[in-house]
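# Remarks on the overall topology
The chain contents come next:
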Amino acid sequence: MSTVQALEPGSRHDLRVGISPDAPDEGNIKDEEGAFGYCHSYETSSRYDGPGLRVVLFVSGCLLRCTYCHNPDTWHLKDGTYVSVDHVLRRLGDFAPALLSLGGGLTISGGEPMVQLAFTRRIFAGAKEMGLHTAIETSGFLGDRADESYLSAIDLVLLDIKSSDPDTYRRVTGRDLAPTLRFAERLASLSKPVWVRFTLVPGATDDPANVDGIARFVAPMKNVEWVEVQPFHQMGSFKWKAMGLEYKHLNTPPPSRDLVNRVIGQFQAAGCQAR
Amino acid sequence: MKASTAVRKDVDAGDCWKGFRPGDWLTSINVRDFIVRNVTPYAGNEDFLSGASQRTKAVWAKLQPYFADERKKGVLAVDAENPSTMLAHKAGYIDRENEVVVGLQTDQPFKRAIFPFGGLRMVEAGLKAAGFEPDARVHEAFTKYRKSHNDGVFDVYTPEIMHCRRSGIITGLPDAYGRGRIIGDYRRVALYGIDRLLEAKRAERAQLDDMWPTDEIIRQREELAEQMRALQDLASMAKLYDCDISKPAANAREAFQWTYFAYLGAIKEANGAAMSIGRISSFLDIYIERDLKNGVLDEAGAQELWDQLVQKLRIVRFLRTPDYDALFSGDPYWATECVGGMDLDGRTLVTKSSYRMLHTLHNLGPAPEPNITVLWSNHMPAAFKRYCAKVSRDTSSLQYENDDLMRPFWGDDYGIACCVSAMRLGKQMQFFGARVNLAKALLYAINGGRDEVSGEQIAPQTLPVTGDFLDFDDVMAKFDTTMEWLARTYVHAMNCIHYMHDKYFYERLEMALHDRDILRTMAFGIAGLSVVADSLSAIKYGKIRVARDENGLVVDYQNEGNKATPQFGNNDDRVDRIASDIVTSFMGKIRKHPTYRNATHTQSVLTITSNVVYGKATGNTPDGRRKGEPFGPGANPMHGRDSHGWLASCLSVAKLPYKDAQDGISYTVSVAPQKAHLSEGQLLDEAVKAFDVYFDRGGFHMNLNVIDKETLEDAMKNPDKYPQLTIRVSGYAVNFVRLTPEQQRDVISRTFHGQI
């Protein structure tokens, strides 16, 4: 985030005006853990990442290494900017009235938000205090870490399921599939609203059997409001180059309209609400 | 003759006012009273609208070859021999059989006229640039026998003002042509007819006969005499078209025709940069409603009147010079028309004709003129808001201005002059004053008053920055001194200009359609606000090392501290407050100096397309902008720096204080056509919500483009594929293909937000 800076003393957004700098934070979060965290950037006008207009905070740190990742610059925790939760919430507060009028809210994406569990927990809690709708975009790999109280401050989970096949999943992400599926099942049992996101990468995730597997897994879950098919694009490739990483998908084309329609059709045929 | 009993005996209105609800408008010239008593607000949707009539299509087809030719050749024809007046040319037609509204600026469409009273130099330069010969007789008349506005101004300018003009710190001053930005209340001609207007002017004049002849009284008497002569000439001009406008219009067609004649008279008499038509839609709607009720007009006929009036407004042409075009590209003339808004009683002024006016963009295709301005109120009917959003999405031809913000200042019968300048119709005029380059002023402050490009001493010599690094407090103090000087010089220049304009190029017809006693504003402007704000922020939050050339002039800047200094356009108070403070501070300095005719000082944050020219003339700035690079247009953040989405960008701009920028704050937004998972209806609803939020937070103006970069890039390469591609630039819309390549590149380099 380009505007991250020590708070200007006396600014009208300085909520701590008149309070001793050493005074402890008030509120129901007692521990000091998570008072600071690493953020990559933010965007204030997304219409993709939840209902209404979203402020999207991209935090850094991710355990997955998806071969088609379009934000590889968010992988390493400490590549992000070190920011206080106060600062994040103050900044969010600048947009909160507009977001409320627009029926939008806050989405934390990344990176993987659950890498910084305590930090994101505080941000979600702060957003709820402003009356905002909250969403998390996650791979679910760290879903076991999300306790009930963490999830209670989140209104919507955007759950990325890259594959239904453990081998494909490992090939594409470098990690195990099981935690993600376990998390999805827990969300279903809690009736937590979920939008499943599936990135359609030609040659990597487009196998009909792979798609069918996810569809069969998701279809019975009543909490899943949407399955969103996200076509692979090349907009992140410059980042791989800039970071000196080898990019396997340099020559992968975006999926054709026909392919996208086929995949959406597969989800719909299984009984999912897909788009 | 069955005159309504409510009609005064001395007004021979015949049946013209039959069916209208009486009120004060019967006994005094009061169009606003007529509107609020008779308007039919409409809260429904657009389903009633009609397509273009056969006659409309026939006229439109006749005009197409002219448009195509003009794109290739530029100026098609000029009458270089007859200086333009209401009576200088005989009647002209496009397709006499099929025109339901008649009247052209000269005897042929697309034949331009000359206006040497503003300045002969501009006329002759314009003619030569367009490949025509100046006329010897005109030249003789305006060098030997008759002085122009331009001559007058240069007789009284000081050397200092000349330096400022040349260095580009003050530019675009209306000292060589018509100042424009005056809106005659053209509706008065339709409602009252010339006879009644003359009677009112005679009464205004009679009062002055008892008053001691001070300079101002003598001037007013002469002006009233000129106004009355202009009204008589307007009636004679209408006679050339076989119309008798001495009496009020008796039906909708006449009301359109009379109103248009009044506007036509104005553009035959004055070549102002901006010639707004005012706020005619809901006024003319009253006549349409009456005719519909009487069964003498149907919806197709009503739409035909609008389409044909708009056709006329699309072919207004003035002869301009290449210098002028560099500032205001694409032949704009700001025939600005306002639709929508609310009245003071809280009723909406949206009528079916608000829809019909917008619908011309569908029937005739997108176009930059007339400059259709939606006066957005959060209280307007939801269906109309949605329709506006739809028309924006289809045509990118609309601009929006905040009625809820302006109504407390200007009432409910104001129009917009040019892009963003509100004025009470018939009760207020402005002395237009272009703008100063504040970014350059900041560089003068750093360099002790020397120009960073030429090295010349332009501002009075002051102590330049001496160290290797810029100190915020030091620069601010110096900048403050420079702004004081600049404000004083600017007001000085404006007083000279408008004194001479009144004297040599008085807008007798436009002013005849005003009350005698009006509010005059003097409109000052600033350019480069976001560059200044970002520069000051960089100085405050970064560590800026200066680089000097061999003459000790600071010519470049390097930030050696925190690179992530706050930038305007991200809803970051640290820098947004700097921008707001600059607006307030410069306004305060302007207000210190008395104005010609006691005009009220106002200010705009507006550049039209001149952000390119200003940028070209300005050296490197401390924010990292390179020498020659365009400024953000109007109040826009610098291109690409509003990097957190349109919401953040809008909220920053909405903070700029209207009370210190009552001449308007221009903001242009481009969003890509929708790609998110929204249906057509949801999309329009979301757009409406976005407008409501922006205006509710105090946003003043929004030029909205719904287009992607790729389309513009393609249009640059293949202009013939996009003859009607229209985009909003800064306060006006243009045919994209008629911009200079430089300006096209500027438009493409602006921030495009991914979605609304």
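Sequence order sets the numbering: in each chain, residues are counted from 1 along the sequence as written. The naming scheme follows written order: chains are lettered A onward, ligands numbered 1 onward. Only residues with pLDDT of 70 or above have their local features reported here, since the model is predicted, and side-chain atom pairs are shown and tallied only from 80 upward, although totals for entire chains, interfaces and linings are computed over all residues. Values reported for side chains reflect all heavy atoms of the structure, with hydrogen atoms and water molecules removed beforehand.

## Re the overall build of chain B
Of the regular secondary structure elements, chain B holds 25 helices and 20 strands. Radius of gyration here is computed from C-alpha atoms only, and the compact-globule reference equals 2.2 Å multiplied by the residue count raised to the power 0.38. Taken over the C-alpha trace, chain B has a radius of gyration of 25 Å; the compact-globule value for 756 residues is 27 Å, and the two agree within 12%. Oriented by its inertia axes, the alpha-carbon framework of chain B measures out at about 85 × 70 × 50 Å. Counting across all 756 residues of chain B, residues that qualify as buried make up 67%. For chain B, restricting intrachain contacts to residue pairs at least 6 apart in sequence, the fraction spanning at least 24 positions comes to 77%. Surface summary for chain B: the accessible area is close to 25,200 Å², and the carbon and sulfur share equals 50%. None of His or the chain ends enter the tally, which takes Lys and Arg as positive and Asp and Glu as negative. For charged residues, the charge sits on one atom: NZ in Lys, CZ in Arg, CG in Asp, CD in Glu. Of the charged side chains in chain B, 94 are positive and 99 negative, and the gap between their average positions amounts to 1 Å. Only DSSP runs of H or I covering at least 4 residues are called helices, and only runs of E covering at least 2 are called strands; the numbering of each starts at the N terminus. Throughout this description, buried means an accessible area under 20% of the type-specific maximum (1.4 Å probe, protein chains only), exposed means over 50%, and partly exposed covers the range between. In what follows, a contact means two residues having at least one pair of non-hydrogen atoms within 4.5 Å. Note on areas: Shrake-Rupley, 1.4 Å probe, and residue coverage restricted to the protein chains presented here.

## Concerning the overall build of chain A
Of the regular secondary structure elements, chain A holds eight helices and eight strands. Taking all 275 residues of chain A together, 56% fall into the buried category. Working note: accessible area of chain A is about 12,000 Å², and carbon and sulfur atoms make up 55% of it.

## Looking at the environment of Y596 of chain B
Residue and element names in this part refer to chain B. Among the secondary structure elements, Y596 is positioned in the loop between α20 (573-591) and β14 (600-605). Sequence separation between Y596 and N735 is 139 residues; the distance between their C-alpha atoms is 37 Å. When residues no more than four places from it in sequence are discounted, the contact partners of Y596 are R219, F431, N495, H498, Y499, D502 and M522. Counted as a polar contact is a pair of N or O atoms within 3.5 Å, where, for protein atoms, one must be capable of donating a hydrogen and the other of accepting one, and residues adjacent in sequence contribute only when both atoms are in side chains. A distance of 3.3 Å separates a polar atom in the side chain of Y596 from a polar atom in the side chain of R219.

## Notes on helix α14 (residues 382-395) of chain B
Residue and element names in this part refer to chain B. Here α14 is 14 residues long and its end C-alpha atoms lie 20 Å apart, about the 20 Å a rise of 1.5 Å per residue gives. Residues of α14 that are buried: A383, F384, K385, Y387, C388, A389, V391, S392 and T395. Positive backbone phi, at 50°, marks S396, one or two positions downstream of α14. In this scheme, a helix's expected span is set at 1.5 Å multiplied by one less than its residue total.

## Details of the sheet that holds strand β1 (residues 36-46) of chain A
Residues and elements named next belong to chain A. Strands sit in the order β3-β1-β2-β4-β5-β6-β7-β8 across an open sheet of eight strands; the sheet is mixed. Since the sheet does not close on itself, it has two edges, and those belong to β3 (81-84) and β8 (224-231), each with one partner. Direction aside, the axes of adjacent strands within the sheet are offset by 30° on average. Any two strands are treated as partners once DSSP identifies two or more bridges connecting them. Pairing of strand β4 (residues 105-109) with strand β5 (residues 133-138), which is carried by four bridges, proceeds in the parallel orientation. The partner of G105 across the bridge, within β5, is H133. Against the sheet, helix α6 (residues 208-218) makes contact with β7 (194-200) and β8, and its axis sits at roughly 175° relative to β7, the strand it touches most. In this analysis an axis means a line fitted to C-alpha atoms, helices contributing only their contacting stretch, and an angle means the value between N-to-C directions, from 0 to 180 degrees.

## Some words on the sheet that holds strand β6 (residues 399-402) of chain B
The six strands are arranged β4-β5-β6-β17-β16-β20 (chain B) in an open sheet whose pairing can be described as mixed. Unpaired on one side and paired on the other, β4 (337-340) and β20 (752-753) of chain B mark the two borders of the sheet.

## Considerations on the pattern of salt bridges
In what follows, salt bridge is the name for a side-chain nitrogen of Lys or Arg lying within 4 Å of a carboxyl oxygen of Asp or Glu. For the coordinates displayed, the defined rule picks out 79 salt bridges over all chains. Where D155 of chain A meets K128 of chain A, a salt bridge forms, and the shortest distance between an N and an O atom there is 2.5 Å. Taken as a pair, D155 of chain A in the loop between α3 (148-152) and β6 (156-160) and K128 of chain A in helix α2 (residues 117-129) lie far apart in primary sequence, 27 residues in all. Notably, a salt bridge pairs R597 of chain B with E223 of chain B, separated by 2.9 Å at the nearest N-O pair. Of this pair, R597 of chain B sits in the loop between α20 and β14 while E223 of chain B is found in helix α8 (residues 215-240), placing the two residues 374 residues apart along the sequence.

## Here's the deal with the packing of aromatic side chains
Residue and element names in this part refer to chain B. The rule is short: rings of Phe, Tyr and Trp, with Trp giving its six-membered ring, pair when the centres are within 6.5 Å, and they are stacked under 30 degrees, edge-to-face over 60, tilted in between. A full pass over the atoms with the stated rule returns 44 aromatic pairs over all chains. A ring pair is formed by F20 and Y287, whose centres lie 5.3 Å apart and whose planes are at 80°; its orientation type is edge-to-face. Remark: Y287 occurs in helix α10 (residues 281-293) and F20 occurs in the segment before α1 (31-38); sequence separation between them is 267 residues. Their ring planes at 75° and their centres at 5.8 Å tell us that F48 and Y355 sit as a pair that is edge-to-face. Residue F48 is located in the loop between α1 and α2 (54-73), and its partner Y355 is located in helix α13 (residues 352-363); the two are separated by 307 residues in the primary sequence. Looking at Y355, the relative accessible area reads 0%, which means it is buried.

## With respect to the packing of α8 of chain B against helix α9 (residues 252-269) of chain B
Residues and elements named next belong to chain B. Relative orientation of the contacting elements α8 and α9 amounts to 110°, with a least axis distance of 10 Å. Comparing the axis directions of α8 and α9 gives the class roughly perpendicular. From α8, L234, M237 and A238 reach across to α9, where they touch F261, A262, L264, G265 and K268. Asp, Glu, Lys and Arg are counted as charged, while Ala, Val, Leu, Ile, Met, Phe, Trp, Tyr, Cys and Pro are counted as nonpolar; the rest, among them Gly, fall into the polar class. Tallied by class, the residues present in the contact of α8 with α9 amount to six nonpolar, one polar and one charged. Roughly parallel covers angles under 35 degrees, roughly antiparallel covers those over 145, roughly perpendicular covers 65 to 115, and oblique covers all other angles.

## Remarks on the environment of G552 of chain B
The residue G552 of chain B is located in the loop between β12 (544-548) and β13 (554-559) in this model. Along the primary structure G552 of chain B and T618 of chain B are separated by 66 residues, whereas in three dimensions their C-alpha atoms are 18 Å apart.

## Focus: the pairing of strand β11 (residues 519-527) of chain B
All names here are of chain B. Extensive coverage of β11 is indicated by the burial of eight of its nine residues. As defined by bridge partners, strand β10 (residues 435-437) adjoins β11 across two bridges and the pair is classed as parallel. When the bridges of β11 are listed, N437 appears paired with A527. Note: β11 against β14, six bridges, orientation parallel. Bridge pairing in β14 places A523 opposite T602.

## Here's the deal with the side chain of N705 of chain B
Residue and element names in this part refer to chain B. Here N705 shows up in strand β17 (residues 701-706). Classification of N705 by relative accessible area gives buried; the value is 3%. A polar side-chain atom of N705 sits 2.7 Å from the main-chain amide nitrogen of R728. When sequence neighbours within four positions are dropped, the list of residues in contact with N705 reads S396, T668, V669, S670, V671, I727 and R728.

## A few points about helix α19 (residues 529-541) of chain B
Two residues of an α-helix separated by three or four positions point the same way, owing to the 3.6 residues in each turn. Residue and element names in this part refer to chain B. With 13 residues, α19 extends 18 Å from end C-alpha to end C-alpha; this agrees with the ideal 18 Å at 1.5 Å per step. Most of α19 sits inside the fold, with 12 of its 13 residues counted as buried. When α19 is considered as a whole, its buried residues turn out to be L529, S530, V531, V532, A533, D534, S535, L536, S537, A538, I539 and Y541.

## What about the pairing of β14 of chain B?
Every regular strand shows the same layout, with side chains that alternate between the two sheet faces. All names here are of chain B. Among the six residues that make up β14, five are buried, leaving the element largely enclosed by the rest of the structure. Two strands pair when backbone bridges link them, and β14 and strand β15 (residues 664-665) are joined in this way by two bridges, in the parallel orientation. When the sheet's bridge partners are listed, V605 is paired in β15 with I665.

## Comments concerning the side chain of T726 of chain B
Positionally, T726 of chain B belongs in strand β18 (residues 726-728). A distance of 2.8 Å separates a polar side-chain atom of T726 of chain B from the backbone oxygen of Q724 of chain B.

## Side note on the state of the cysteines
Only a pair of cysteine sulfur atoms within 2.5 Å counts as a disulfide in this structure description. Scanning the model with the defined rule gives zero disulfides over all chains in all. C69 of chain A forms no disulfide, and the closest cysteine sulfur to it belongs to C66 of chain A, at a distance of 6.1 Å. Under the relative-accessibility criterion, C69 of chain A is labelled buried at 15%. Cysteine C418 of chain B is unpaired, with the sulfur of C419 of chain B as its nearest cysteine sulfur at 3.3 Å.

## A closer look at the confidence of the model for chain B
Residues and elements named next belong to chain B. On average, residues of chain B carry a pLDDT of 94, and 97% of them reach 70 or more. Counting interchain partners and residues more than four positions distant, the pLDDT-below-50 stretch residues 1-10 has 17 contacts. As scored by the predictor, the complex reaches a pTM of 0.91 and an ipTM of 0.85. A score between 0 and 100, pLDDT records how confident the predictor is in each residue.

## With respect to the environment of D343 of chain B
Residues and elements named next belong to chain B. Tracing the backbone shows D343 in the loop between β4 and α13. Residue classification places D343 among the buried residues on the basis of a relative accessible area of 1%. Every residue in contact with D343, bar those within four places of it in the chain, is listed here: V36, L349, R407 and D412.

## Observations regarding the packing of helix α6 (residues 159-167) of chain B against helix α17 (residues 472-504) of chain B
Residues and elements named next belong to chain B. α17 packs onto α6 with a crossing angle of 105° between their chain directions and a minimal axis gap of 10 Å. Considering their axes alone, α6 and α17 lie roughly perpendicular with respect to each other. Within the contact between the two elements, α6 uses E160, I161 and C164 and α17 uses W485, T489, H492 and A493. The residue makeup of the contact of α6 with α17, split by class, is four nonpolar, two polar and one charged.

## Quick notes on unusual backbone geometry
Where the residue is not glycine, phi is negative for most of them; where a peptide bond is considered, it is trans in most cases. Omega for the bond connecting G110 of chain A with G111 of chain A falls within 30 degrees of zero, at 15°, which places this linkage in the cis form. Looking at the element boundaries, G111 of chain A is found in the loop between β4 and α2. Residue P370 of chain B follows E369 of chain B across a cis peptide bond; omega there is -10°. Relative to the assigned elements, P370 of chain B resides in the loop between α13 and β5 (372-376). We note that W334 of chain B has phi near 50°; this positive angle belongs to a residue other than glycine.

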